[in-house]
Amino acid sequence: MRNIAAIARREFFAYFGSPTAYIAIALFLALLGITFFFEIPFLLPKDAFFDGRAADLRPLFEWMVFLFAILLPAISMRLLAEERKLGTLELLLTMPVTETEVVLGKLAGAVGFLAVALALTLGYPILLFALGRPDIGPMIGGYLGVLLVGTAYLALGLMASSWTSSQVVAFLVAIVICTAFTFVDLVPEALGWNAIPA
């Protein structure tokens, strides 16, 4: 457990040691703000926030999952691909750590980055409480749901990163896999397989 925590800490601080993390989080928050407050018919069929008159975060969570399909592969693409390219993966594996500890540590560091990004969105629930009386249960469930989806996408990105030493290839493969999972619910509708009426 100590080895996993050490690797996770190293990965977490490596993210914030470069401007990439700050740019990714700023872009994530800006896009969330735009889609939360304004009507964008071709992306999400919803009213603008102040026109809808509903204290609801559901569109925010839906848009988060869509953004995760692009953002999280960019975050996870370097986890193992960079180590393999620099030749430090072999060095890491010669230390008294198992492969499982390396994978779990790197995933935990990436999930820590995701948790910081999600924590920065807590202004939206605070805004809802200032304007009305929203139900707290769906909010907690929504945040737990996007954290779990984000963790799954990071795990898929880590898997793609383990297949190659090229970060670009890992990024593209992870985007394809994550996008497939994001839009899998639209496949029956696209193929004309409508639900049978009860």
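1. Examining the overall build of the chain
Helix and strand content of the chain: 11 helices and 0 strands. N-terminal to C-terminal, the α/β element order of the chain is α-α-α-α-α-α-α-α-α-α-α. Counting over 198 residues, the chain shows a buried share of 38%. Sequence-distant contacts in the chain: of pairs separated by 6 or more residues, those separated by 24 or more amount to 77%.

2. Here we look at the packing of helix α4 (residues 58–76) against helix α10 (residues 167–182)
Two elements in contact, α4 and α10, have axes whose closest approach is 8 Å; the angle formed by their N-to-C orientations is 160°. Our classification of the angle between α4 and α10 gives roughly antiparallel. Once α4 is placed against α10, the crossing between them reads as right-handed. Residues Val65, Phe66, Ala69, Ile70, Pro73 and Ala74 of α4 lie in contact with α10, whose contacting residues are Phe171, Ala174, Ile175, Cys178, Thr179 and Thr182. Tallied by class, the residues present in the contact of α4 with α10 amount to 10 nonpolar, 2 polar and no charged.

3. Details of the nonpolar core
Ranked by size, the top nonpolar core spans 41 residues in total, and within it Tyr15, Phe28, Leu32, Leu57, Met64, Phe68 and Phe113 carry the most contacts. Among the elements of the structure, α1 (2–15), α2 (19–37), α4, α7 (99–119), α8 (123–131), α9 (136–162) and α10 are those that each provide at least two residues to this core. The greatest single-element share of this core, amounting to 10 residues, is contributed by α4. When neighbours within four sequence positions are excluded, leucine 32 is seen to be in contact with Leu60, Trp63, Met64, Leu67, Thr121 and Tyr124.

4. Here's the deal with a nonpolar patch on the surface
On the surface, Val184, Val187, Leu191 and Trp193 cluster together to form a nonpolar patch covering roughly 420 Å² of accessible area. In this structure, valine 187 sits in helix α11 (residues 187–190).

5. Describing the packing of aromatic side chains
Counted under the stated rule, the structure contains 9 aromatic pairs. Ring centres of phenylalanine 16 and phenylalanine 113 lie 5.6 Å apart, and the angle between their planes is 40°; this geometry places the pair in the tilted category. Placement of the pair is phenylalanine 16 in the loop between α1 and α2 and phenylalanine 113 in helix α7, with a sequence separation of 97 residues. Look at phenylalanine 113 and you get buried, because its relative accessible area is 1%. Here the aromatic rings of phenylalanine 28 and phenylalanine 68 are separated by 5.9 Å at their centres, their planes lie at 20°, and the arrangement is stacked.

Calculation rules
Residues numbered from 1 in each chain as written. Predicted model: local features only at pLDDT ≥ 70, side-chain atom pairs only at ≥ 80, totals over all residues. Heavy atoms only, no water. Helix = DSSP H or I, 4+ residues; strand = E, 2+ residues; numbered from the N terminus. Buried < 20%, exposed > 50% of the residue type's maximum accessible area, 1.4 Å probe, protein only. Contact = heavy atoms within 4.5 Å. Axes fitted to C-alpha atoms, helices over the stretch in contact; angles between N-to-C directions. Parallel < 35°, antiparallel > 145°, perpendicular 65-115°, else oblique. Left-handed = near helix turned anticlockwise from the far one by under 90°. Nonpolar A, V, L, I, M, F, W, Y, C, P; charged D, E, K, R; others polar. Core = buried A, V, L, I, M, F, W, Y, C linked by side-chain atoms within 4.5 Å. Patch = residues over 30% accessible without salt bridge, like charges linked within 9 Å, V, L, I, M, F, W, Y side chains within 5 Å. Areas by Shrake-Rupley, 256 points an atom, 1.4 Å probe, with all protein chains shown as cover. Salt bridge = Lys/Arg side-chain N within 4 Å of Asp/Glu carboxyl O. Phe/Tyr/Trp six-rings, centres within 6.5 Å; stacked < 30°, edge-to-face > 60°.

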